[in-house]
Amino acid sequence: EYIDSYFFNKLELTRFSSSVGKFVGFTEYGVRNAEYWNNNPSYLSAMKAQKEVYCLNHVPVYYTAALTKS
């Protein structure tokens, strides 16, 4: 699962989760940002593609490294 969270002063404003497939806002400002980003198809598809960029390439490497050290 790919999660991209946006914080300000240790308060989570907005989060993108690949399992949900969209942005979710936690504050008034975060909800407005989430609505804007969810209505932008190019930005939303770019965030969905980040799962393939980060997770699919890096998880097997870290997984094997963790198994060899235990």
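Up top is the structure these notes are about.
If you're wondering where the values come from, they're calculated on a predicted model, not measured in any experiment.

Undergrad: Got a minute to help me understand the overall build of the protein chain in this structure?
TA: Secondary structure summary: the protein chain contains two helices and three strands in total. Ordered by position in the sequence, the α and β elements of the protein chain form the string β-β-β-α-α. In terms of its C-alpha atoms, the protein chain occupies a principal-axis envelope of roughly 45 × 30 × 15 Å. Sequence separation of 24 or more characterises 22% of the internal contacts of the protein chain that already satisfy a separation of 6 or more. Within the structure as shown, the protein chain displays about 5300 Å² of accessible surface, and the carbon and sulfur contribution to it stands at 58%.

Undergrad: Would you mind going over a nonpolar patch on the surface with me for this structure?
TA: A cluster of nonpolar side chains, Val20, Val24 and Phe26, forms an exposed patch at the surface whose accessible area comes to about 250 Å². Turning to its location among the elements, Val20 is positioned in the loop between β2 (11-17) and β3 (22-25).

Undergrad: Just checking my understanding: could you explain the pairing of β2 for this structure?
TA: Regular strands show a simple pattern: their side chains alternate between the two faces of the sheet. Along β2, five of the seven residues are buried, which leaves the element largely enclosed by surrounding structure. Direction of pairing for strand β1 (residues 3-8) relative to β2: antiparallel, over a ladder of six bridges. If you follow Ile3 over to β2, its bridge partner there is Ser17. Here β1 hands over to β2 after two residues, with Asn9 in that stretch at a positive phi of 55°.

Undergrad: Honestly, the environment of Glu1 in this entry has me stumped. Any pointers?
TA: Mapped onto the elements, Glu1 comes out in the segment before β1. Given the relative accessible area of 57%, Glu1 is considered exposed. The spatial distance from the C-alpha of Glu1 to the C-alpha of Tyr29 is 25 Å, given a sequence separation of 28 residues. Aside from chain neighbours lying at most four places away, what touches Glu1 is Ser17, Ser18, Ser19 and Cys55. Looking at Glu1, its side chain comes within polar contact range of the side chain of Ser17, at 2.5 Å. A polar atom in the side chain of Glu1 sits 2.8 Å from the side chain of Ser19.

What counts, and at which threshold
Residues numbered from 1 in each chain as written. Predicted model: local features only at pLDDT ≥ 70, side-chain atom pairs only at ≥ 80, totals over all residues. Heavy atoms only, no water. Helix = DSSP H or I, 4+ residues; strand = E, 2+ residues; numbered from the N terminus. Contact = heavy atoms within 4.5 Å. Areas by Shrake-Rupley, 256 points an atom, 1.4 Å probe, with all protein chains shown as cover. Patch = residues over 30% accessible without salt bridge, like charges linked within 9 Å, V, L, I, M, F, W, Y side chains within 5 Å. Salt bridge = Lys/Arg side-chain N within 4 Å of Asp/Glu carboxyl O. Buried < 20%, exposed > 50% of the residue type's maximum accessible area, 1.4 Å probe, protein only. Pairing = 2+ DSSP bridges. Polar contact = N/O pair within 3.5 Å; in protein donor to acceptor, adjacent residues only side chain to side chain.

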